[in-house]
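Tertiary structure, described
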Amino acid sequence: GGWYCFNRENCDTRYDTMRRLMSSREWPATRVGTGILSSQPEENPHWWNANMVFIPYCSSDVWSGASSKSEKNEYAFMGALIIQEVIKELVEKGLSTAKVLLLAGSSAGGTGVLLNVDRVAEQLEEMGYQGIQVRGLADSGWFLDNKQYRRTDCIDTITCAPTEAIRRGIRYWNGIVPERCKLQFKEGEEWNCFFGYKIYPTLRCPVFVVQWLFDEAQLTVDNVHLTGQPVQEGQWLYIQNLGRELRNTLKDVTASFAPACLSHEIITRNHWTDIQVKGTSLPRALHCWDRSLHESNKNGKTSLKGCPIHLIDSCPWPHCNPSCPTIRDQFTGQEMNVIQFLMHMGFDVQKMAQQQGLEPSKLLGMLSSDN
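What comes next concerns the included structure. (Residues numbered from 1 in each chain as written. Predicted model: local features only at pLDDT ≥ 70, side-chain atom pairs only at ≥ 80, totals over all residues. Heavy atoms only, no water.)

1. Notes on the environment of Gly-131
On the secondary structure map, Gly-131 appears in the loop between helix H3 (108–126) and strand E2 (133–139). Using a relative accessible area of 62% as the deciding quantity, one classes Gly-131 as exposed. Considered as a pair, Gly-131 and Thr-97 are 34 residues apart in the sequence and their alpha carbons are 8.7 Å apart. (Helix = DSSP H or I, 4+ residues; strand = E, 2+ residues; numbered from the N terminus. Buried < 20%, exposed > 50% of the residue type's maximum accessible area, 1.4 Å probe, protein only.)

Structure below.
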C-alpha cells in the first residue's frame, strides 16, 4: 500500500517526499515480517510456516501500470509487470510445486490483488501450472466511488475524488485491468474496475475481502477529516451512511471480514489476531475459508459447520465493536475508550439511544462492556 500519484506534478512531489514509494534505491536490505507475514505461530497461527514473498510497492500505480520511462514520461509505471516478473522468477524457486498461491495486499495493494489475481492465475496456466490454485486476500482496498462529503477540486491524491484520480491515473500509467471486467464497461470507463464491488463479480479466483466499515483512507478521499474538533451532525450521518453503503456492497461477497471500526489496513499489523467479528478472529476466518476451499474441491460443498467465512458487523457506528484497535487522540496521543471517542466525535448518547429504542444507560453499558 501507499496511495498513488496520477500526474507529473504530484508524482514529482511524491518522489521528493516519499522516495521509497517511487524507487527501490533506498530500501532496507532486510525487513521483519509482521501479522500474516510473521514466522511466529503466536502472531500468525495459520501461515507462520508458509513460503512467503514480500513485494514492496514502488510503482505508485495501484499495481496496474505497464508503461516504461520515455521522453514524454519522466517516470515508469510497471506495477502489473512487476507482479508478472516476480511470478516468473518464483516458478524457478519452488512455486512450480505449490498447491496454493495466495496473493495478498493492503490498501493500494489490496486493490492490486483484485486487479491482478485472475491475471496471475492465467499466467500460471499459460506456463503449464494448472494445478496451482490461485486465491486473493484484499485488505482495505475495497473503496467506494461514492459522493464526497464536500466536493473539492482534483489537485492531489487526497483532495481528488477517487473516480477522477483513477480516471487520470489509468491514462498516465497505461493501467491494465482484467479483461473480464473491462468487457463490462464502455471504452474509457475502465476506471470502474478499480472499485471492489464492480470488479468482484467478474473474478474467477476466490477472494477473501477484509474491509473496515469505517475505513480511514475512504473517509480521507471523501473529505471527512477527523481532527480534534467534534464532528458536525452532517459528518456524523455521512460516516454512519458510509458504513451502511459498505456493508451493502459486501452482502454478496462469499468470504469477508468487516469490523465496524475506524481504521485502515490490518493483515500485517501484529494485533491482527485480536479483532473479532461475531466472536471470530480474522486468522480463524481465513483458516475456515482455506478449509472450505479445500473441502469444496473434494465434495462440491463450501460451508463448514461452526466455521464462518462471511463476517460483517451489523452495529451502526465507528467502534461499536469492542475489539476494535485502540484509538488515540490525534493531538494528545492519549488512548481513548469507546465512550470517550464517541463523545469526542460529538456523539449524542440520548439521541442515539432513542434511535435504537434503548435507555441511554443501557446503551452506555453496551458500549463499555465487551459483549
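Having seen the structure, we can now continue with the description.
2. Looking at the state of the cysteines
Applying the stated rule across the entire model yields six disulfides. Paired through a disulfide, Cys-5 and Cys-11 show a sulfur-sulfur distance of 2.1 Å. On the sign convention where negative is left-handed, the bridge of Cys-5 and Cys-11, at about 95° about the S-S bond, is right-handed. For Cys-11, a relative accessible area of 0% translates into the label buried. (Disulfide = S-S within 2.5 Å.)

3. A few points about the sheet that holds strand E3 (residues 207–210)
Read across the open sheet, the five strands follow the order E1-E2-E3-E5-E9; overall the sheet is parallel. The sheet terminates laterally at strand E1 (100–106) and strand E9 (310–312), the two strands that pair on one side only. Taken pair by pair, the neighbouring strands of this sheet meet at an average axis angle of 15°, ignoring direction. Bridging between E3 and strand E5 (residues 255–258) involves three bridges; their strand directions are parallel. Counterpart to Val-210 in the pairing with E5 is Phe-257. (Pairing = 2+ DSSP bridges. Axes fitted to C-alpha atoms, helices over the stretch in contact; angles between N-to-C directions.)

4. Considering the pattern of salt bridges
All told, the structure shown has seven salt bridges when counted by the stated rule. Across the salt bridge formed by Arg-167 and Glu-164, the nearest N and O atoms sit 3.2 Å from each other. Here the residue Arg-167 and the residue Glu-164 both occupy positions in helix H4 (residues 162–173), the gap between them amounting to three residues, near one helical turn. The class of Glu-164 is partly exposed, set by a relative accessible area of 24%. (Salt bridge = Lys/Arg side-chain N within 4 Å of Asp/Glu carboxyl O.)

5. Description of the packing of aromatic side chains
Counted by the stated rule, this structure contains ten aromatic pairs. Ring plane angle 45° and centroid distance 6.3 Å describe the contact between Trp-173 and Phe-194, whose orientation is recorded as tilted. One end of the pair, Trp-173, is in helix H4; the other, Phe-194, is in the loop between helix H5 (179–182) and helix H6 (196–199), and 21 residues separate them in sequence. Using a relative accessible area of 0% as the deciding quantity, one classes Trp-173 as buried. The exposure class of Phe-194 is buried, given its relative accessible area of 3%. Ring plane angle 70° and centroid distance 5.5 Å describe the contact between Phe-208 and Trp-289, whose orientation is recorded as edge-to-face. A residue pair is termed long-range when its members are at least 10 positions apart, and Phe-208 in strand E3 and Trp-289 in helix H9 (residues 282–299) qualify at 81 residues. Note on Trp-289: relative accessible area 4%, which makes it buried. One aromatic cluster is present, formed by Tyr-15, Tyr-75, Phe-77 and Tyr-172 through successive ring pairs. (Phe/Tyr/Trp six-rings, centres within 6.5 Å; stacked < 30°, edge-to-face > 60°.)

6. Describing the pairing of E1
With seven bridges connecting them, E1 and E2 associate as parallel partners. For Gly-105, the partnering residue across the bridge sits in E2 and is Ala-138.

7. Examining the packing of helix H2 (residues 79–91) against H3
Orientation of H2 relative to H3, taken along the N-to-C sense of each, is 40°, at an axis distance of 11 Å. In terms of their interaxial angle, H2 and H3 are classed as oblique. For H2 against H3, the interelement crossing comes out right-handed. Together, Ala-80, Ile-83, Gln-84, Ile-87, Lys-88 and Val-91 of H2 and Asn-116, Arg-119, Val-120, Gln-123 and Leu-124 of H3 make up the contact between the two elements. (Parallel < 35°, antiparallel > 145°, perpendicular 65-115°, else oblique. Left-handed = near helix turned anticlockwise from the far one by under 90°. Contact = heavy atoms within 4.5 Å.)

8. Description of the nonpolar core
Membership of the largest hydrophobic core comes to 77 residues, with the highest contact counts inside it found for Val-62, Leu-124, Trp-173 and Phe-194. Top contributing element to this core by residue count: H3, with eight residues. (Core = buried A, V, L, I, M, F, W, Y, C linked by side-chain atoms within 4.5 Å.)

9. Quick look at unusual backbone geometry
Most peptide bonds take the trans configuration, and most residues that are not glycine carry a negative phi. Unlike most non-glycine residues, Val-62 shows phi in positive territory, near 55°. You can see Val-62 is positioned in the loop between helix H1 (8–17) and H2. Its identity as a non-glycine residue notwithstanding, Ser-107 has a phi of 60°, on the positive side. Within the element layout of this structure, Ser-107 appears in the loop between E1 and H3. The class for Ser-107 is buried, based on a relative accessible area of 5%.

10. Description of the environment of Arg-20
Structurally, the position occupied by Arg-20 is in the loop between H1 and H2. Overall, the relative accessible area of 54% leaves Arg-20 in the exposed class. Sequence separation of Arg-20 and Pro-56 is 36 residues, and the distance between their C-alpha atoms is 9.1 Å. In this structure Arg-20 touches Trp-27, Tyr-57 and Cys-58, once residues within four positions along its chain are discounted.

11. With respect to the pairing of E2
For E2, the tally of buried residues reaches six of seven residues, placing the bulk of the element in the interior. In this region the chain leaves E1, passes through H3 and returns to the parallel neighbour E2; the handedness of that crossover is right-handed. Relative to E3, E2 runs parallel, the two sharing four bridges. Its bridge partner being in E3, Gly-136 is matched across the sheet by Val-207. (Right-handed = clockwise from strand over helix to strand, strands pointing away.)

Don't take any of this as a statement about function, it's just geometry.
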